Amino acid sequence: MPTMSSSLPESLKSHPPLKPTRNPISRRRVETVMTRSVAVFGLLFGAQTVPAMVAQIDQAPPVWAAAVVTGLFGSLILAFAASLAQFGVRVANHIVPLAYVAALISWPFTVEDPASASAGNHWLYYMLTVATSSAAIGMSRRWATAYLLAVPVLYGVIRLTPQGGGSTGVQAALDVMYAILLGGAVLIMMTMLRQASSAVDAAQSTALDRYGSAVRQHATDLERVQVDAIVHDSVLTTFISAGRAESPEAKALAADMARLAIRHLRDAAAVGPDDGTTIRANVVAKRIAAAAGAVAVDMDVVVQSVGAVRLPTGAADALYSAAVQAVVNSQQHAGHQRGIRRWVRISGIADGLAIEVGDTGVGFDVDTIPQERLGVRVSIIERLEGVGGRAEVRSAPGHGCVVDIRWPHRPASPGSPVEADDEDDEDDEVNE
């Protein structure tokens, strides 16, 4: 599998690093927060056990103590490193609870003189909640629940034995209940956060799908209205004139009207409907950035040097719709492997905007897109062509995808400045 640096396009490598957007709550973000919180929590609790461990160090053979300390604290450090890198998190959080169980089971077999066993809680007890919390991160909910119930009970049973200190049944039961209640609270909170974030992800995905359908329907309605107007004003009038033409002059007039109607139809296919209204380019850029920042995956967004150019409303709608469709395509089809990077770059060009939507995902062969797949061909490429813009899709299997969107479609003259507006300088660059 190619590395991230090899799969990034040259256009992105030449630009400064993009700043991540402030995305809303998502399952991935919640998992990141939970894993890092549990990792820090584990290290802090591990540090708190050091005084009790030192006080009881003479009750166990040095070899066992060294092995347990290395295994437990090494697994905690591994879980912390994995939470920072967001790699191997589940594996690391399997190791912590398994290492704890191994230490717990081996503990009574290392006590040679039961009379020397501490009457109070063993230092392993203070690591019990850490183990159950790690189990909640690394294991499925069913296995985490079983671990939460079984391991504290195992500790309580060991405490009742002479090697475990010969605790009373009441004290052992209280210790077990306390550990289950504390670990259960952690497990319940994690489960609720995961369910809530998954619901948010599903709602965002559904909303984007519905928005994409609404955008396509809106464009279809506009085109239908335009075609209806042309048919009524030009084609139908031509048919009526041709039907009534009897003299050579009338027939020649009908032929001229027919040529004019054909020209109108050709022009309508090349240019989208436009009522003459305009909208500022930085407003369009902000809307695209907001839409990209609302998706359920991490999307790096940068808006720079947009200036005070004004765009026709039809062109602005096409730019926005095509960019959102490209973002939705990236979310749905780029893959969900860790390390995939998605970005949106919006910059000003002479009299217009240039937008780049890309990812380092699975990619695809552009030439093999079926004709019935309208997301790229109609919603992006033909939509821009219909308003005088351009959209280009560059992708290959295993090398991600980049969609270049530009309006207007004409080469910018060298050194042509982008209009700027002092009062809106603060709106010209938006990094979220």
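Above: the structure in question.
Residues numbered from 1 in each chain as written. Predicted model: local features only at pLDDT ≥ 70, side-chain atom pairs only at ≥ 80, totals over all residues. Heavy atoms only, no water.

Let us look at a nonpolar patch on the surface. Taken together, Leu78, Val91 and Ile95 make up a surface patch of nonpolar side chains, about 250 Å² in accessible area. Along the polypeptide, Ile95 turns up in helix H6 (residues 89-106). (Patch = residues over 30% accessible without salt bridge, like charges linked within 9 Å, V, L, I, M, F, W, Y side chains within 5 Å. Areas by Shrake-Rupley, 256 points an atom, 1.4 Å probe, with all protein chains shown as cover. Salt bridge = Lys/Arg side-chain N within 4 Å of Asp/Glu carboxyl O. Helix = DSSP H or I, 4+ residues; strand = E, 2+ residues; numbered from the N terminus.)

This brings us to the nonpolar core. Of all hydrophobic cores here, the largest spans 44 residues; its most connected members are Leu72, Tyr100, Leu104, Trp107 and Leu124. Looking at this core, the elements that each hand over two or more residues are helix H3 (27-48), helix H4 (50-55), helix H5 (62-85), H6, helix H7 (128-138), helix H8 (141-160) and helix H9 (169-244). The element contributing the most residues to this core is H5, with eight residues. With 42 residues, the next largest nonpolar core counts Val301, Leu311, Val327 and Leu384 among its residues. (Core = buried A, V, L, I, M, F, W, Y, C linked by side-chain atoms within 4.5 Å. Buried < 20%, exposed > 50% of the residue type's maximum accessible area, 1.4 Å probe, protein only.)

Close approach of charged atoms allows side chains of opposite charge to pair. Within the structure shown, the criterion is met by seven salt bridges. Of the charged contacts, one joins Asp298 and Arg29 as a salt bridge, the two residues approaching to 3.5 Å between their closest N and O atoms. In this pair, Asp298 sits in the loop between helix H11 (281-293) and strand E2 (300-304) while Arg29 sits in helix H3, placing the two residues 269 residues apart along the sequence. For Asp298, a relative accessible area of 33% corresponds to the partly exposed category. Residue classification places Arg29 among the partly exposed positions, given a relative accessible area of 34%. The partner of Glu31 in a salt bridge is Arg194, and the shortest N-O contact between them spans 2.7 Å. Taken together, the residues span a long stretch of sequence, with Glu31 in helix H3 and Arg194 in helix H9 at a distance of 163 residues. Owing to a relative accessible area of 12%, Arg194 belongs among the buried residues under this scheme. Among the ionic contacts, a cluster of salt bridges with common partners joins Arg27, Glu31 and Arg194.

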